[in-house]
Amino acid sequence: QVQLVESGGGWVQPGGSLRLTCAASGRTFSRYAMGWFRQAPGKEREFVAGIMWSGGRTTYADSVQGRFSISRNNANNTVTLLMNSLKPEDTAVYYCATEGRPWGLGNRRIDFVYWGQGTQVAVSQ
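Here goes a summary of the coordinates provided.

Conventions used here
- Residues numbered from 1 in each chain as written.
- Predicted model: local features only at pLDDT ≥ 70, side-chain atom pairs only at ≥ 80, totals over all residues.
- Heavy atoms only, no water.
- Helix = DSSP H or I, 4+ residues; strand = E, 2+ residues; numbered from the N terminus.
- Rg over C-alpha atoms; globule rule 2.2 N^0.38 Å.
- Disulfide = S-S within 2.5 Å.
- Buried < 20%, exposed > 50% of the residue type's maximum accessible area, 1.4 Å probe, protein only.
- Pairing = 2+ DSSP bridges.
- Axes fitted to C-alpha atoms, helices over the stretch in contact; angles between N-to-C directions.
- Contact = heavy atoms within 4.5 Å.
- Core = buried A, V, L, I, M, F, W, Y, C linked by side-chain atoms within 4.5 Å.

### Points about the overall build of the protein
- Helix and strand counts for the protein stand at zero helices and 11 strands.
- Going from the N terminus to the C terminus, the protein shows its helices and strands as β-β-β-β-β-β-β-β-β-β-β.
- For 125 residues, the compact-globule formula gives about 14 Å, and the C-alpha radius of gyration of the protein, at 13 Å, lands near that figure.
- Principal axes of the C-alpha set define a box for the protein whose edges measure 40 × 25 × 25 Å.

### Some points on the state of the cysteines
- Enumeration according to the criterion identifies one disulfide in this entry.
- The side chain of Cys22 participates in a disulfide bridge whose partner is Cys96; the two sulfur atoms lie 2.1 Å from each other. Its torsion about the S-S bond being -75°, the disulfide of Cys22 and Cys96 is classed as left-handed. Taken together, the residues span a long stretch of sequence, with Cys22 in strand β3 (residues 18-25) and Cys96 in strand β9 (residues 92-99) at a distance of 74 residues. For the pair Cys22 and Cys96, a shared accessibility class is recorded, and that class is buried.

### Brief notes about the sheet that holds strand β1 (residues 3-7)
- Spatial ordering of the open sheet is given by β1-β3-β8-β7, a layout of four strands whose pairing is antiparallel. Whereas interior strands pair on both sides, the edge strands pair on one side only; in this sheet they are β1 and β7 (68-73). For this sheet the average axis-to-axis angle between neighbouring strands, irrespective of direction, equals 15°.
- Where β1 meets β3, five bridges bridge the pair, whose relative direction is antiparallel. The partner of Glu6 across the bridge, within β3, is Cys22.

### Topic: the environment of Pro88
- Examined against the element boundaries, Pro88 turns out to sit in the loop between β8 (78-83) and β9.
- Note on Pro88: relative accessible area 45%, which makes it partly exposed.
- In this structure, the C-alpha to C-alpha distance between Pro88 and Ala122, residues 34 residues apart in sequence, is 7.4 Å.
- Setting aside residues no more than four positions away along its own chain, Pro88 makes contact with Pro14 and Val123.

### Regarding the nonpolar core
- Counting 27 residues, the largest nonpolar core has Trp36, Leu81, Met83 and Tyr94 as the members making the most contacts within it.
- Breaking this core down by element, the ones donating at least two residues are β3, β4 (34-39), β5 (46-51), β7, β8, β9 and β11 (119-123).
- Per element, the largest residue contribution to this core is four residues, and it comes from β3.
- The residues touching Met83, leaving out its near neighbours within four places in the chain, are Gly16, Ser17, Leu18, Leu20, Arg67, Phe68, Tyr94 and Val121.

### Looking at unusual backbone geometry
- A positive phi angle is found at Ser85, which is not glycine, with a value near 50°.
- One non-glycine residue, Trp103, adopts positive backbone phi at about 65°.
- One can find Trp103 in the loop between β9 and β10 (112-115).

Written out as structure tokens, the structure is:
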């Protein structure tokens, strides 16, 4: 059974930084693409960033390009989202996700089928 557990959310002032971490278990982590999504109140869940199974390719939403960075550590089964220059519009619940099939690129929402429980990120004065 695939399990994803996020940590690292919290409150930060605009311009600040946060690091989110997702710990995965239940299957061979290194074979599967990973991603981060977010959902703000009253809005649909949206793709934030994805990383292919090997870590060799990353994809970002336009809204976070240049500010966020996704990385993975296949030795300890974790994926990290480093968020810099945070804005109030980044406020949302952030979800870790992984694809259902191996060897993926992590760049299509439809491929992500397993989800964590989410962690809240709040950006305000």
